[in-house]
Amino acid sequence: MNTYALDFESYYDKYCSIRVLGPVGYFSHPDFDPYLVSVVGDDGYEFVGDPKEFDWSILKDNIVLSHNASFDQGLYLFGVKAKWWPSVDYKEWHCTADMSVYCGHPRSLKKATEEVLKISLSKETRDAMKGIEWSKMDEKFKQEVLDYATKDSEYCLQLWQHLSESWPEREREISRMNRESSQKGLPIDVELLREQKEKINLLLFETENTIPWIDKAPILSRKAFNAECRKAGVEPPKSLALTNKEANEWIKKNGKEYVWIESVRNYRRVNSVKRKIESFENATYSDLRFYGNIMYFGASVTGRFSGAGGNLNLQNLPRGEMFGCNLRHLIKAEEGKKIIVADLSQIEVRTLCWLAEDKKSLERIKKSKDIYEAFAVQFGLWEEDSKEALKEVDPVLRHKVKAMVLGCGYGVGYKKFSDVSGLSLEDSEEAVNLYREKMSSIVSYWNTLNKSMRSSERATQEFAIKLPSGRNLNYGIITQIQKEKFYEYYALVVRNSARRLMKLYGGLLAENASQALARDIFCDSMLRMEKEGIKIICHVHDEVVIECDEADSEETLDKVISIMNTPPSWIPDIPLDSEGQILERYDK
């Protein structure tokens, strides 16, 4: 069996772009032209030229690689349907960008090549290709593009040869599954999409026209805003941020009299909703399905998924209505189908207790129907033998305990906890101290991680946290930086395809480990769902979105919940729970 690296080159410009249109919208744009494919094999084979002239049968029963398989494999599959080239039964198709970031290197081919292969790769040719059709390139530039495309495939193959042994089979399957779920698309209610587009465009127009300086300065000009405030005899606030208490009080006092104050504050948010709606429209194909991407290992330390950038971040859709628009409701099951949404309940609380070997808490969690009632008992705030449910008798106490459980597990101080929870400083200090007293295993876990990190720094050894899944969180060589009276510790980790300093401490390390373990458990459940023939069309953090026949929806939901409640074989003693619902529209 041979391995072939494949890379498409295609026409793109400001509007005919995958960033604007999403993959399928881009491939179906009238100006789109996949004019070049380069293929380089480990058997010495090389091809670069028109995809219609490539012998696609070479890929049969072999491994195919691309450094952005979401694009290249997606384009190949689209081209098969469009009859641009023949279908071929390749053995596997892997993404070396996913592999690179899993192995702790940058995602981009340029930076991965520099770091792993020690080769400088220029992307100037790619930039110069923007807006130029193949037929209009002169011969010199055509040859430059041919050479550029060949090099991309060569380096893609070399990265595979250097790193593939460090990329476990299970992670390759997660990468593939994530890519294929995005290729299924999301069913869209195009009529509601049209209505919401009209509504938000009208609101944006009305918002703009309440702003006095609209034709004289940029709408968000702070200078113009301050001048208008003083013109009205009002001293402007230092900040307009939604989270700023003083700004909120100032707007409450002055916003009703001067409508433009609220308009300025809302303008950016209204425009953001407008762009999201446009992104839905741009990437919804003629089959009435939206095609976007979710990035494997988007958070390079924990391995959690993230939005893939470009046209729309599916990992961060607003909940509920914003300015009369509910973006989640745009995702609607087709006739005869249903959408199932299910998620792991309090998964990070469970993984943190497991990592800290807090068997007492795990046992309480396992036995209790309400995890926050279990912790209220552990904190000494509720009677264990009470015949009444905490959520019914004292919802305020339950909310406080929930805030403590979710907010204090990673070393937060009482001032920050007060900001997050809304409790007074006095109550927050009491809550943080109570948590640390009653959850001593968690505090010990922070300290253990801290000591291990510092020992690695002193020994000039790479620091890593091993997970029960077999994965390591590798922080590399730790750097110690002296402050006035203490030391801080930093790791150089990949963020946004670049190496950046990350400050480390016990609570943060515990958070990373807890989130990483939660991610591995969630991925394991999705792989098991896939084996059962369950159609995953999207996933958001610890939540899975499934499409199924309406007649099978109850049975499918039961099967999904059973899978999610069953721990992976490599961590059989963690108590898991999940909940789900059958929906016509996505709403979670």
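Residues numbered from 1 in each chain as written. Predicted model: local features only at pLDDT ≥ 70, side-chain atom pairs only at ≥ 80, totals over all residues. Heavy atoms only, no water.

## Here we look at helix H7 (residues 169–184)
Taking 1.5 Å per residue as the helical rise, H7 with its 16 residues ought to reach 22 Å, and the 23 Å between its terminal C-alpha atoms agrees with that figure. Every buried residue of H7 is accounted for by Glu171, Arg172, Ile174, Ser175, Arg176, Met177, Asn178, Arg179, Ser181 and Ser182. Note on H7: the residue one or two positions beyond its end, glycine 185, has a positive phi of about 80°. (Helix = DSSP H or I, 4+ residues; strand = E, 2+ residues; numbered from the N terminus. Expected span 1.5 Å × (residues − 1). Buried < 20%, exposed > 50% of the residue type's maximum accessible area, 1.4 Å probe, protein only.)

## Comments concerning the sheet that holds strand S2 (residues 36–41)
Judged by pairing direction, the sheet is mixed, and its five strands sit side by side in the order S3-S2-S1-S4-S5 without closing on themselves. Two strands bound the open sheet, and with one partner strand each, they are strand S3 (46–49) and strand S5 (92–95). Each neighbouring strand pair of the sheet contributes to a mean axis angle of 20°, computed without reference to strand direction. Here strand S1 (residues 3–9) pairs with strand S4 (residues 63–66) via three bridges, running parallel. When the bridges of S4 are listed, threonine 3 appears paired with isoleucine 63. (Pairing = 2+ DSSP bridges. Axes fitted to C-alpha atoms, helices over the stretch in contact; angles between N-to-C directions.)

## What to know about the nonpolar core
Core analysis: the largest hydrophobic core is formed by 145 residues, its most contacted members being Phe280, Phe375 and Tyr475. At 13 residues, the largest contribution of residues to this core is made by helix H20 (residues 506–531). Not counting the four nearest positions on each side in its chain, tyrosine 475 is found in contact with Val301, Phe463, Ile465, Ala491, Leu492, Val493, Leu504, Leu509 and Asn512. Grouped together as the second largest cluster of nonpolar side chains are 39 residues, Leu6, Leu36, Ile58 and Tyr291 included. (Core = buried A, V, L, I, M, F, W, Y, C linked by side-chain atoms within 4.5 Å. Contact = heavy atoms within 4.5 Å.)

## Some remarks on unusual backbone geometry
Phi at glutamine 346 takes a positive value of approximately 45°, unusual for a residue other than glycine. Its place among the elements puts glutamine 346 in the loop between strand S10 (337–344) and helix H12 (347–355). The phi angle at histidine 541 is positive, at roughly 60°, despite the residue not being glycine. Along the chain, the position of histidine 541 falls in the loop between strand S16 (536–540) and strand S17 (543–549). For histidine 541, a relative accessible area of 43% corresponds to the partly exposed category.

## Some thoughts on the packing of helix H4 (residues 109–117) against helix H6 (residues 139–163)
At a closest axis distance of 10 Å, the pairing of H4 and H6 adopts a crossing angle of 50°. Judged on the interaxial angle alone, H6 and H4 are oblique. Of the two possible hands of crossing, H4 and H6 adopt the one that is left-handed. For the pair formed by H4 and H6, the contact residues are Leu109, Ala112, Thr113, Val116 and Leu117 on the first element and Asp152, Tyr155, Cys156, Gln158, Leu159, His162 and Leu163 on the second. Broken down by class, the residue content of the contact of H4 with H6 amounts to eight nonpolar, three polar and one charged. (Parallel < 35°, antiparallel > 145°, perpendicular 65-115°, else oblique. Left-handed = near helix turned anticlockwise from the far one by under 90°. Nonpolar A, V, L, I, M, F, W, Y, C, P; charged D, E, K, R; others polar.)

## Things to note about a negative patch on the surface
On the surface, a cluster of negative charge is made up of Asp31, Asp33, Asp50, Glu53 and Glu133. Considering the arrangement of structural elements, one finds aspartate 50 in the loop between S3 and S4. (Patch = residues over 30% accessible without salt bridge, like charges linked within 9 Å, V, L, I, M, F, W, Y side chains within 5 Å. Areas by Shrake-Rupley, 256 points an atom, 1.4 Å probe, with all protein chains shown as cover. Salt bridge = Lys/Arg side-chain N within 4 Å of Asp/Glu carboxyl O. Lys, Arg positive; Asp, Glu negative; His and termini not counted. Charge placed at Lys NZ, Arg CZ, Asp CG, Glu CD.)

## Brief notes about the pattern of salt bridges
Here the structure, examined in full by the defined rule, presents 35 salt bridges. A salt bridge links arginine 364 to glutamate 384; the nearest nitrogen and oxygen atoms lie 3.4 Å apart. Highlighted residues: arginine 364 in helix H13 (residues 359–367) and glutamate 384 in the loop between helix H14 (371–378) and helix H15 (390–393), separated in sequence by 20 residues.

## Here's the deal with the environment of valine 544
Mapped onto the secondary structure, valine 544 falls in strand S17. Residues valine 544 and valine 273, spaced 271 residues apart in sequence, show a C-alpha to C-alpha distance of 24 Å. Ignoring anything within four residues of it in the chain, the contact list for valine 544 reads Ile340, Val341, Ala342, Phe522, Met526, Met529, Ile536, Cys538, His539 and Met564.

## Observations regarding the packing of aromatic side chains
Applying the stated criterion across every chain yields a total of 35 aromatic pairs. Judged by centre distance (5.6 Å) and plane angle (55°), the rings of phenylalanine 27 and phenylalanine 78 are tilted. Highlighted residues: phenylalanine 27 in helix H1 (residues 18–27) and phenylalanine 78 in helix H2 (residues 69–81), separated in sequence by 51 residues. Like phenylalanine 78, phenylalanine 27 is buried. Pairing tyrosine 90 with tryptophan 93 gives two aromatic rings, centres 5.1 Å apart and planes at 80°, and the pair type is edge-to-face. Above the ring of phenylalanine 305, the side-chain terminus of arginine 519 is found at 5.9 Å from the ring centroid. (Phe/Tyr/Trp six-rings, centres within 6.5 Å; stacked < 30°, edge-to-face > 60°. Lys NZ or Arg CZ within 6 Å of the ring centre and 35° of its normal.)

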